[in-house]
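Working through the structure, step by step
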Amino acid sequence: MKSLIQLLSKFDPATGQIAGAAATSRYLSDLGSCFLDTAAYQSALQAGNPLVYSVASVALGSGDGDLHYGLGKIMPGRVGSEYYMTKGHFHAWREAAELYIGLAGEGVMLLEEEVSGSTQVVPLRPCQTVYVPGHTAHRTINVGSVPLTYLGVYPAKAGHDYGAIARRNFSKVLIDRNGQPVLLDRSAAVRS
Ligand code: F6R
Ligand code: ZN
């Protein structure tokens, strides 16, 4: 049996920390391939290198039935008219699904199915869950004015495949238009 300290975790949505868990921080300079507007990205970087998001992760076991989970915190902000967001990934083990649980703030999940390329935009808000099926790239976007925090629970053997998204990015972008998030084809957004 695992010890109580392993079975129980204490997390703080305000700080994005899980007691005793390691956290990964992603700064603006880590997200070069994510944003559509490269000129806006470069000028934002010249002004500084802010923290865009952090993820504290708990990875207790590595067996087939084990679960890992993470607490994500995405800061509010934009690059050009595109909101702060995560890199986004497929799971290396493509069958792995994930459950996201909204804790605070106002977010959106951009889902893109690998084979069909079909896209869905699903709100991520407090007391709402978003089920991310297997074979689906997922990116989390803060469309609000306060930090967005959420838990993501996934099979221990899911793994992360960032390469496919880093190469071609998501086919859709979520743009702020007059205070409202609007979904556009990446190719159309480049021209607009
Ligand atoms: C794990 C998962 C989340 C993300 C987190 C950061 O499978 O989906 O915990 O890792 O939202 O996003 P990425 O990993 O895309 O930087
Ligand atoms: Zn995931």
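Here, the structure is the one placed above.
Now for a look at the structure at hand. Values in this document were obtained by computation on a predicted structure and should not be read as measured data.

1. What to know about the sheet that holds strand β3 (residues 22-27)
Across the sheet, which stays open at both edges, the six strands sit in the order β3-β4-β5-β13-β8-β11 with antiparallel pairing between neighbours. Taken across any chain shown, the strands that pair with only one partner, and hence form the sheet edges, are β3 and β11 (129-132). Strand after strand, the sheet turns through a mean of 20 degrees between neighbouring axes, direction not considered. Two strands pair when backbone bridges link them, and β3 and strand β4 (residues 51-59) are joined in this way by six bridges, in the antiparallel orientation. Considered in β4, the bridge of Y27 is made with L51.

2. Observations concerning the site of ligand 1
Within the structure, ligand 1 sits among 14 residues, and Y53, E98, Y100, Y150 and Y162 are positioned closest to it. Between ligand 1 and H89 there is a distance of 2.9 Å, counted from an oxygen atom to a side-chain nitrogen or oxygen. Y100 is positioned with one of its side-chain polar atoms (N or O) 2.6 Å from an oxygen atom of ligand 1. Considering ligand 1 on its own, with 400 Å² of exposed area, one finds that the protein chains cover 96% of that surface. Under a 2 Å grid-point criterion requiring more than half of the atoms, the pocket assigned to ligand 1 is the largest pocket. Those elements giving two or more residues to the shell around ligand 1 turn out to be β4, β8 (98-104) and β13 (148-155). The residue makeup of the shell around ligand 1, split by class, is six nonpolar, six polar and two charged.

Conventions adopted
- Residues numbered from 1 in each chain as written.
- Chains lettered and ligands numbered in written order.
- Predicted model: local features only at pLDDT ≥ 70, side-chain atom pairs only at ≥ 80, totals over all residues.
- Heavy atoms only, no water.
- Pairing = 2+ DSSP bridges.
- Helix = DSSP H or I, 4+ residues; strand = E, 2+ residues; numbered from the N terminus.
- Axes fitted to C-alpha atoms, helices over the stretch in contact; angles between N-to-C directions.
- Near = heavy atom within 4 Å.
- Polar contact = N/O pair within 3.5 Å; in protein donor to acceptor, adjacent residues only side chain to side chain.
- Areas by Shrake-Rupley, 256 points an atom, 1.4 Å probe, with all protein chains shown as cover.
- 1 Å grid on protein atoms, 1.4 Å probe; cavity = no way out; pocket = protein on both sides within 12 Å on 5 of 7 lines; lining within 4 Å.
- Sits in = over half its atoms within 2 Å of the grid points.
- Nonpolar A, V, L, I, M, F, W, Y, C, P; charged D, E, K, R; others polar.

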